[in-house]
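# Per-entry structural report
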Amino acid sequence: THPTLGNISPLEFIPIAEKTGLIYPIGIFVMQTAIEEIKKINKNGKNNLTMSVNISPKQFNNPTFYKDFSQLISSSGVNPKHICLELTENTLMTNGKKSLDILNMLKDTGVHLSIDDFGTGYSSLSYLKHFPINELKIDRSFVKDIPQDHNDMAIATTIINMGNALNLNIVAEGVETIEQKEFLLAAGCHIHQGYFYSKPIPADVLEELLKD
């Protein structure tokens, strides 16, 4: 929130942050805030929710990323299973062997690992066999035209079937209508995110919702 420009979308400021190198300290701040918030939400065992955090390619490939993240986890006392790191296919495939090593170290901390925007990057299915991931997220580009676009319905169904066969959680992005929700449920995808459920809200508003 800028004092004169108002709210600035991540689509605008994240590329600038990546170009200038500010994405790393911003990423650390975001991870720390997310960890503190999920710890607060799950306090006293009242909830059992997971906080997902997007990790940019420059964050993931920073030499100190694993060390900084593991220190945040250990110092916070949060249960690592309540944190899910979201990475894109392109991030993981840029340096396959190095990415695999980092993923295995992250996995050993107990956090969950998710492939964001699945189907829009390299889409090399071989990494699904080797990378220790827990979750696939169906990109909203395959969801937004359901049920009008039969190709999108076929693609979404294929991803769901494959993910379920691999015992992965499947998350559909960009769910905005009851028709999309019902199709995804019938196809076997039971975790959705999108405006059908809620627009982005501040943490304190979320906490009030959870009390209801």
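Here the structure is shown first, and the text comes after it.
Residues numbered from 1 in each chain as written. Predicted model: local features only at pLDDT ≥ 70, side-chain atom pairs only at ≥ 80, totals over all residues. Heavy atoms only, no water.

### Remarks on the overall build of the chain
Summing up its helical and strand segments, the chain has 10 helices and 6 strands in all. Seen through its C-alpha atoms, the chain measures out along the principal axes to roughly 45 × 45 × 40 Å. Counting only residues that meet the buried cut, the chain has 37% of its 212 residues in that class. By sequence separation, contacts in the chain at least 24 residues apart represent 62% of the contacts at least 6 residues apart. Working note: accessible area of the chain is about 12,100 Å², and carbon and sulfur atoms make up 56% of it. The averaged location of the 24 negative side-chain charges in the chain is 7 Å from the averaged location of its 18 positive side-chain charges. (Helix = DSSP H or I, 4+ residues; strand = E, 2+ residues; numbered from the N terminus. Buried < 20%, exposed > 50% of the residue type's maximum accessible area, 1.4 Å probe, protein only. Contact = heavy atoms within 4.5 Å. Areas by Shrake-Rupley, 256 points an atom, 1.4 Å probe, with all protein chains shown as cover. Lys, Arg positive; Asp, Glu negative; His and termini not counted. Charge placed at Lys NZ, Arg CZ, Asp CG, Glu CD.)

### Here we look at the sheet that holds strand β6 (residues 191–192)
The strand order across the open sheet built from 6 strands is β1-β2-β3-β4-β5-β6, with neighbouring strands paired in parallel fashion. In this open sheet, the two strands that pair with only one neighbour each are β1 (51–54) and β6. Bridge count between strand β3 (residues 112–118) and strand β4 (residues 135–138): 3 bridges; the pairing is parallel. Across the sheet, Ile-115 pairs through a bridge with Leu-136, a residue of β4. The strands touched by helix α2 (residues 23–41) are β1 and β2 (83–88); relative to β1, the strand with the most contacts, the crossing angle is about 175°. (Pairing = 2+ DSSP bridges. Axes fitted to C-alpha atoms, helices over the stretch in contact; angles between N-to-C directions.)

### Digging into the packing of α2 against helix α10 (residues 203–211)
As a packed pair, α2 and α10 sit with axes 11 Å apart at the nearest point and diverge in direction by 20°. It follows from the interaxial angle that α2 and α10 lie roughly parallel. Here α2 and α10 pass one another in a crossing that is right-handed. The residues of α10 that touch α2, namely those facing Glu-37, Lys-40 and Ile-41, are Ala-203, Leu-206, Glu-207 and Leu-210. Class assignment for the residues of the contact of α2 with α10 results in 4 nonpolar, no polar and 3 charged. (Parallel < 35°, antiparallel > 145°, perpendicular 65-115°, else oblique. Left-handed = near helix turned anticlockwise from the far one by under 90°. Nonpolar A, V, L, I, M, F, W, Y, C, P; charged D, E, K, R; others polar.)

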